[in-house]
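Here are the chains, one letter per residue:
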Amino acid sequence: MSLRPRRQLRGLPLRAVAPNAVTALALCAGLTGIRFAIGEEWERAVLMVMLAGALDGIDGQVARMVRAESRFGAELDSLSDAISFGVAPALILYLWSLMAVPKLGWIVALLYAVFCALRLARFNSQLDNDAQPRKLAGFLTGIPAPAGAALAMLPIYVWLWSGEEIMRSPWIVTPWVAFTGLLMVSSVATYSWKSLRLRRHVRFEALVFVVVLAAALVTAPWQTLTAICLGYLATLPFSARAYRRTMPITPPREAGPKPGAEPPAA
């Protein structure tokens, strides 16, 4: 009687719990933002989306640090991004402004959420594709989902620090949200912060900049977020131009003999 080897049970390794827990917290933060928006607590609603963005930025780092990168984590991250940066901002903006024009406002909110999902689906479909010229050159295609959520809520930032009710007008918010959604699904080359490399002689200055930025976010968060969004928008033309410069130049093909023409004599 031969003994059959026991089949090893495959499952999620224990070390993968930490990064997936961070991703789940980001998902909870995005959903909590919707809850605060229903209660018209706009500052808390926006802060929850910002918290989801911060958690989304570190879950991948945690996964690489503990060597727990997995397909499961990638799928969970995309699901969390679709809700936290697609559904949550769309509902927050609808309840804050777009509800004044319910039909048009709901269409724009739906388009924004769908565009965010399409942007994530395009990103996931290219994960296993080695031939990604923009990624190899250090660029992204379109703006990422967290940046899209931050830009979409720009009118709320301005409204919170200025008190100008015109910023809440659906005729301003509607085209802005549609424009932000189009940026996510566009083919515009944008800078990838993961590919940025600092020179040694500017590392101290970069550290000072980060400290000043953190202090500004704590002291005047809405003005600082407004400045960050405007600064990011200003980089888009430069990133597209920089990518065009990195594209390889294909030499023109030499004109061959025409069909039916006799070859040249030796």
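Up top is the structure.
Quick caveat: nothing in here was measured; it's all calculated off a predicted structure. (Residues numbered from 1 in each chain as written. Predicted model: local features only at pLDDT ≥ 70, side-chain atom pairs only at ≥ 80, totals over all residues. Heavy atoms only, no water.)

## Looking at the overall build of the protein chain
Regarding its fold elements, the protein chain presents 10 helices and two strands. Helices and strands in the protein chain line up, N terminus first, as α-α-α-α-α-β-α-α-α-β-α-α. Counting across all 266 residues of the protein chain, residues that qualify as buried make up 38%. Taking contacts inside the protein chain between residues at least 6 apart in sequence as the whole, the part at least 24 apart equals 79%. Accessible surface, the protein chain as shown: approximately 17,300 Å² in total, 66% of it carbon and sulfur. (Helix = DSSP H or I, 4+ residues; strand = E, 2+ residues; numbered from the N terminus. Buried < 20%, exposed > 50% of the residue type's maximum accessible area, 1.4 Å probe, protein only. Contact = heavy atoms within 4.5 Å. Areas by Shrake-Rupley, 256 points an atom, 1.4 Å probe, with all protein chains shown as cover.)

## Overview of the packing of aromatic side chains
Summed over all chains, the structure comprises six aromatic pairs. Aromatic side chains Trp-96 and Trp-159 sit 5.6 Å apart centroid to centroid with 65 degrees between the ring planes, which places their arrangement in the edge-to-face category. Here the residue Trp-96 occupies a position in helix 3 (residues 71-96), and Trp-159 occupies one in helix 7 (residues 154-162), the gap between them amounting to 63 residues. Overall, the relative accessible area of 3% leaves Trp-96 in the buried class. With a relative accessible area of 13%, Trp-159 lands in the buried category. With centroids separated by 6.3 Å and ring planes inclined at 20 degrees, the aromatic side chains of Tyr-157 and Trp-222 adopt a geometry described as stacked. Taken together, the residues span a long stretch of sequence, with Tyr-157 in helix 7 and Trp-222 in helix 10 (residues 221-246) at a distance of 65 residues. The buried category is assigned to Tyr-157, whose relative accessible area is 0%. In this arrangement the basic side chain of Arg-168 is found over the ring face of Trp-159, its NZ or CZ atom lying 5.0 Å from the centre. (Phe/Tyr/Trp six-rings, centres within 6.5 Å; stacked < 30°, edge-to-face > 60°. Lys NZ or Arg CZ within 6 Å of the ring centre and 35° of its normal.)

The analysis is restricted to geometry; functional conclusions fall outside its scope.
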